[in-house]
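# Remarks on the overall topology
The chain contents come next:
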Amino acid sequence: MEEIIYNFSKKSKVSEFEFIALMAFLMANVALSIDALLPGLTDIGKSLNIFENSNLQLIITMIFMGLGFGELIFGTLSDSFGRKPIVYLGVGIFILASIISATAINIEMMLLGRVLQGVGLSAPRTVSIAIIRDSYQGNHMAKIMSFISAIFILIPMIAPMIGLIILEVFNWQAIFYFQILFVVITILWFKYRQQETLSKKKRIKLSKKLFTNGLREFVKYKQTLIYTVIAGFMEGVFILYLSTSKQIFQDQYHLIKEFPYVFAALSFVFGISTFLNGSLVIKYGMHNLVTISLYLFSFTSLIYLLSFYNSENPDIIILMSFLFFQFLFLGFIFGNLSALAMQPIGHIAGIGAAIFSFVSMILGVIIANFAGKYISTTAFPLFGTFFGTSFVALILLNIIIINKRKSKNFNY
């Protein structure tokens, strides 16, 4: 790691490693708020009289809805007021929302809390991307994003185990209070160790036209638009997996106690590929890695569909083997997509990150909510969604290639 970059005081410097770790922990609050709750969905369902699996899935997917809308707001505001104040505002909303969720007496109150949790967490999530874009660009940005994702993935690995331990010692409400503790520790680290990356002279005056002007600038870049839609499709398969993982592993395969370890194993695979991407992206380039990985992801899904069409679930070892390769390829897709989309729009990093996150997240939630209804007795619809979304993503990716060949000025 290089010794860089940020002067927090005249006497202290922060290494690139600490910067990566801090950004990872800011983003990891999202993962903790989702994954730690997975083992508790059954208990929440019993406590709030939720009997339909599709309604339990909403407890997971609705936080993504809040993330999408929140990022649209906070990303824009961060270009006017700076990065750090917006993070503080979002964390305050998250803490209030966590209390609402912990004290929920029905599904409506729970979903309100979850949406607001997403709104609050959208601030550190989208501002983190803007901070990274303020500081890096190109393949180096993709490298930093990959290392951040590699550390970030440690949280999904251990979050279900943390949730299970809390359930056994306390109750599902305590999971939300643990989330509050984690975000408070992270925000104190952020407050005292991260400097503001958007100087006052570079801030955009807040006005009614701020977002519309940013949107007009955003849509000028065909590459950014296409990569944003591709990210939405891939976000959909990831949200779908998260919202149905309890249903597949605990209900279909009856892996109640084993669920956190199964979840951690797949998260580990995702983390390894993300880490490898950070090492390979400089040599092979972001676009090439995304293209190859999307083809492999789609091909693996198709093999599963052809092998288990109109049949029951295969042995858990077979299912895990297929998911192993799916998550291996996903690790090379996610980190590069955001960097590719943000590359041409560094001059509107806050608004750009907001629009990118909003479009990809909302598209992902729509896909996950639609496909989740069909996952009842087998995991087959999960792989059907994997194939369908990746196939469309490949079509869009080839549009980028065609446009690049037609125009030397195409933003690639």
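Residues numbered from 1 in each chain as written. Predicted model: local features only at pLDDT ≥ 70, side-chain atom pairs only at ≥ 80, totals over all residues. Heavy atoms only, no water.

### Focus: the nonpolar core
Cut-off, in case you're wondering: Definition of nonpolar core: a set of buried residues of the types Ala, Val, Leu, Ile, Met, Phe, Trp, Tyr and Cys, connected through side-chain atoms within 4.5 Å. Partly exposed describes any residue whose relative accessible area lies between the buried limit of under 20% and the exposed limit of over 50%, with all areas from a 1.4 Å probe on protein chains only and scaled to the type maximum. Only runs of H or I of at least four residues qualify as helices and only runs of E of at least two qualify as strands under DSSP, and these elements are numbered from the N terminus. Contacts between residues were defined by any pair of non-hydrogen atoms, one from each residue, lying within 4.5 Å.
Grouped together as the largest cluster of nonpolar side chains are 129 residues, with contacts concentrated most on F64, I132, I230, M234 and F249. If you tally residues by element for this core, the top one is helix 13 (residues 316-342), at 14 residues. Look past the residues within four positions of M234 in its chain and what remains in contact with it is L294, F297, L330, I333, F334, L337, S390 and A393.

### Here we look at the environment of N171
Let me state the cut-off plainly: Definition of a polar contact: a pair of N or O atoms within 3.5 Å, with one able to donate and the other able to accept a hydrogen when the atoms are protein atoms, and with sequence-neighbouring residues admitted only if both atoms are side-chain atoms.
Along the chain, N171 turns up in the loop between helix 7 (154-169) and helix 8 (172-193). In this structure N171 comes out as partly exposed when scored by relative accessible area, which is 37%. Considering only alpha carbons, one finds N171 and G40, 131 residues apart in sequence, at a separation of 8.4 Å. There is a polar contact of 3.2 Å between the side chain of N171 and the backbone nitrogen of Q173. In terms of polar contacts, N171 uses its side chain to reach the backbone amide nitrogen of A174, at 3.1 Å.

### Considering helix 8
Test applied: Expected helix span is computed as 1.5 Å times (number of residues minus one).
Its 22 residues place the ends of helix 8 33 Å apart at the C-alpha level, agreeing with the 32 Å of an ideal helix rising 1.5 Å per residue. Residues of helix 8 that are buried: W172, A174, I175, F176, Q179, I180, F182, V183, T186, I187 and F190. Residues of helix 8 that are buried sit in contact with helix 1 (16-35), helix 2 (41-47), helix 4 (83-102), helix 5 (107-135) and helix 7. Capping the start of helix 8, N171 holds a side-chain oxygen 3.2 Å from the backbone nitrogen of Q173, two or three residues further along.

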